[in-house]
Every structure is written in structure tokens, then in C-alpha cells.
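# Fold and geometry: a report
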Amino acid sequence: MHSHGVGSLRTGVPFMRIAQAGSLGSKSQVQVSRTEASRTRRPSGSVATPTCPFDTILVGDCIETIDRLPAESVDLVFADPPYNLQLEGALTRPDQSLVDAVDDDWDKFESFSAYDRFTRAWLTAIKRVMKPNATLFVIGSYHNIFRVGAALQDEGFWILNDIIWRKANPMPNFRGRRFTNAHETLIWATKSAEAKAYTFNYEALKAANEDCQLRSDWFFPLCTGAERLKDASGRKTHPTQKPEALVGRVLLSASRPGDVVLDPFLGSGTTGAVAKRLGRRFVGIERDPLYAEAARARIEGIAPLPEAVLAGTPSKRAEARIAFLSVVEAGLIRPGETLFDARRRHDAVVRADGTIAVGAIGGSIHKIGALVQGLPACNGWTFWHRAVGATIEPIDAARARLRETWGEAEGRAASPDPATKNPRDALDKPETPPL
């Protein structure tokens with residue numbers, strides 16, 4: 001999934017549009033520079049007016065092409081840059097058959113310093129087009145990921161996690177001189193330490209993982225079988241095609257439907273294919289026209305999932321804040337009512353002012369919950385319960401009912417019923433649900 005601009009040819013290559021261009025507009029051609037100088041960031045005065053359509057593969061040098069994109073236009077970047085494997089000769093199996101390894105020109109650099117210059121250049125270019133709260137995933141092996149990580153920090157990115165992709169079916173170490181290389185590393189980062197409102201779909205990931213927090217070690221097989229693109233002779237179209245499941249988890253973790261995903265080293269088009277299926281928009285950059293054509297054909301065959309399937313799990317952090325007093329004022333919990341913990345070890349009485357009291361000591365549901373347990377903090381919404389008929393429920397259930405009522409009232413306010421003089425009356429006099 002990765003190639004970069006090297007060589008000596010300068011040519012114009014048309015955009016390869018996958019779908020209708022987006023609001024950014026389009027250009028009929030892009031000049032592609034494949035010289036060593038193209039690895040170095042150009043002065044800002046020489047950058048053309050940034051324009052680029054969405055849902056498109058742009059054929060050209062990644063840095064020059066990124067410079068054509070509008071500033072702060074991308075929500076998520078997935079980058080699979082050249083690994084710089086430094087292979088010194090052909091690899092053979094014990095039976096002397098050749099290993100189909102990465103030996104393409106795009107993975108060759110004259111020195112580590114040349115690779116570092118290239119890395120800093122594309123990171124600088126990427127940073128300009130990332131929105132303030134966008135994030136970047138970059139994947140690599142031990143050959144390059146430590147150099148990329150150092151460059152990320154040098155360029156001001158803020159690392160959130162490193163994630164291990166543990167391969168279910170890694171290639172063996174044929175010479176028996178090292179451990180089997182069974183993983184790759186992804187670095188997840190924001191463009192600065194100040195970016196706090198980045199997308200992380202924590203609730204959805206946890207729910208899909210048996211209600212356990214998703215860990216930073218991911219287990220996926222290599223891309224094989226029908227998913228693997230092959231040419232007419234049966235050879236792999238691209239040597240480092242990533243599995244769709246891996247890229248899918250990245251997009252589901254850190255983007256939402258409609259977000260723009262950029263892949264500056266598109267290769268076989270996995271990012272574009274997954275983005276289209278998951279209702280994201282994408283911009284893919286690839287310097288090799290053969291890879292770009294294979295990616296184009298692949299993406300054209302992808303059908304987006306229905307919107308109902310893509311609906312995400314609501315984030316609790318995004319929900320409107322509701323005070324316990326509001327729940328009391330709405331009549332969902334009444335003054336004088338007794339609250340207790342799930343094991344009925346502690347009792348508290350609800351006061352009319354929205355506080356609760358244990359004996360003569362009063363305070364918030366959180367403060368009193370912490371006090372009776374001898375703890376520094378407590379989530380009162382889940383700690384305190386109330387009787388509902390023959391059962392008990394956390395007081396958070398009453399808050400959820402009020403939030404639902406408020407949401408319905410907001411909807412009626414947006415589309416008022418002619419028979420209703422004031423559609424926000426439900427906010428003032430919410431109906432108490434049956435108990």
C-alpha cells in the first residue's frame with residue numbers, strides 16, 4: 001500500500017475519479033514530479049491553489065499532490081509509507097524457491113538520512129491538510145516505524161497510542177537466524193498536543209468487544225484468498241496489501257460516516273474500498289499508474305453499506321448534560337423518595353433542591369455516594385438506585401427518560417405541530433412515565 005515519488009520523469013497524469021467529485025472542485029491534470037527534490041517540502045510561495053475532489057485517486061508524487069489539497073480538509077489519515085526494507089539480495093525458502101518479497105524501486109532509499117528527509121516532508125504536508133482535531137494512523141515494521149515515530153514527535157504530532165497488529169499467519173523466518181517477524185506497529189497521533197476533541201468511538205468499540213475496552217494489540221491474518229488482488233498471471237498486484245479488517249477497525253475507531261479519509265500511499269486501494277463501504281469519503285494518492293488502475297477497479301466494485309447499518313453507538317460524552325435537580329423538577333424522582341445502593345447497604349433521602357441527605361449530611365448524588373463508601377469519588381447516577389414496583393433501577397434510568405423527552409420536544413420544536421401552540425411545553429411539563 002505504499003509507494004513514493006522517485007525517478008527522473010516529469011509528466012502530467014489525469015485524476016482517476018471514483019465517484020462524483022465533492023465540493024472541493026477538481027483539476028483535469030496534476031503535474032507529477034518524480035525527482036529526488038520532490039521529497040523535500042516546497043516553499044509555500046510555490047504551492048498551487050489547493051483543489052481536489054473527494055472519492056478520487058490522484059496519480060502523482062504524494063507530497064506535491066498533498067500540497068494541492070485544501071488546508072484543514074481531512075478528518076483522518078491512514079498512511080502506509082515505504083518500509084525501506086534494505087534487502088540486499090533475493091530471499092529463498094529451504095526448497096530454494098524464491099520468496100515474493102518487496103524489492104520494488106519505490107521501497108529503496110540511498111540512505112537512512114534520505115528516508116528521514118522523505119518522512120519529514122510527507123508528515124509536514126499531511127499536517128497542513130489535517131483538521132485541528134484530525135488524527136493520523138501510520139503503519140510500519142521494525143525497519144522504519146521507529147524512525148517515523150521520532151519524526152512524528154519532531155514535527156509536533158502528539159502520539160495517542162501505538163498498536164500492535166499481530167499476524168495470524170506471518171511469513172516464516174526461512175534462514176533461522178531471527179525470531180519470526182509476526183507483527184507490525186501502528187502509531188496513532190493527533191497533529192498537536194492541544195487537539196483534545198478528536199474522534200474516538202469508545203462506546204461502540206467497547207460494545208463490540210464483549211463490553212470490554214478494546215486493547216492496543218489487534219489480531220488479524222495477512223491479506224490472502226479472494227481479498228488479495230492478483231494480476232492476469234496470478235501474481236500479487238501489490239506486495240504489501242493490507243487486510244480490509246485491519247483498515248476497517250482503524251476507520252471505525254477514529255472516524256464517523258461522512259468524514260474525509262486521506263491515504264497518501266494508496267497502493268492497492270484498501271483504504272478507499274473500506275471507506276466507501278463504511279460511508280466515509282476518501283482521497284487516495286498513488287504514484288504508480290498500474291496500482292492506481294487496480295485500486296480504481298477494486299473500489300468501483302464496492303457497494304456502500306446502508307445508512308441504518310452504519311449508525312454508530314451514541315457517545316455519552318456527546319449527550320446533553322442533565323442535572324439531578326432537573327430530574328427531580330420533572331417529577332421523575334420525587335422529593336422525600338429514598339435512594340439506596342444496589343446491595344441496600346446505604347440509604348439517602350432526596351431533597352427538594354436536588355441534593356440528597358444521609359442523616360444531617362447533604363450534598364450531590366456523587367458527593368454523598370463517595371462519602372458513604374469512604375471513596376474519593378463516585379458516579380452517583382449508577383451507584384444510587386430506586387424502587388420501581390417490585391424491582392429496582394439505577395437513577396440513571398430516570399435521567400435517560402428525561403433526555404429522551406427533551407429530545408422529542410426539540411424535534412417538535414424544529415417541526416411544530418399546527419395543533420400545538422408551544423411545542424416546547426414538554427420541556428416545562430414532561431410526562432411522568434408509568435412505573
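The following refers to the structure shown. What you see is a predicted model, and the numbers here were worked out from it, not measured in a lab. (Residues numbered from 1 in each chain as written. Predicted model: local features only at pLDDT ≥ 70, side-chain atom pairs only at ≥ 80, totals over all residues. Heavy atoms only, no water.)

## Quick notes on the overall build of the protein chain
Counting its regular elements, the protein chain contains 13 helices and 17 strands. A buried classification covers 46% of the 435 residues belonging to the protein chain. For the protein chain, contacts bridging at least 24 residues in sequence account for 70% of all contacts bridging at least 6. (Helix = DSSP H or I, 4+ residues; strand = E, 2+ residues; numbered from the N terminus. Buried < 20%, exposed > 50% of the residue type's maximum accessible area, 1.4 Å probe, protein only. Contact = heavy atoms within 4.5 Å.)

## Notes on the environment of Asn133
Following the sequence through the fold, Asn133 ends up in strand S6 (residues 130-140). Once the C-alpha coordinates of Asn133 and Glu194 are considered, the two residues, 61 residues apart in sequence, prove to be 8.8 Å apart. At 3.2 Å, the side chain of Asn133 forms a polar contact with the backbone nitrogen of Ala197. (Polar contact = N/O pair within 3.5 Å; in protein donor to acceptor, adjacent residues only side chain to side chain.)

## A short note on the packing of aromatic side chains
Evaluated as defined, the whole model comprises nine aromatic pairs. Measuring from centroid to centroid gives 4.9 Å for Phe383 and Trp384, while their planes differ by 75 degrees, and the two rings are edge-to-face. The buried category is assigned to Phe383, whose relative accessible area is 11%. Trp384 gets classed as buried once you look at its relative accessible area, which sits at 0%. In this structure an aromatic cluster arises from ring pairing among Phe137, Trp188, Tyr198, Phe200 and Tyr202. Above the face of the Phe157 ring, Lys127 is positioned so that its terminal group lies 5.3 Å from the ring centre. When the ring centre of Trp218 is taken as reference, the NZ or CZ atom of Arg249 above it lies at 5.1 Å. (Phe/Tyr/Trp six-rings, centres within 6.5 Å; stacked < 30°, edge-to-face > 60°. Lys NZ or Arg CZ within 6 Å of the ring centre and 35° of its normal.)

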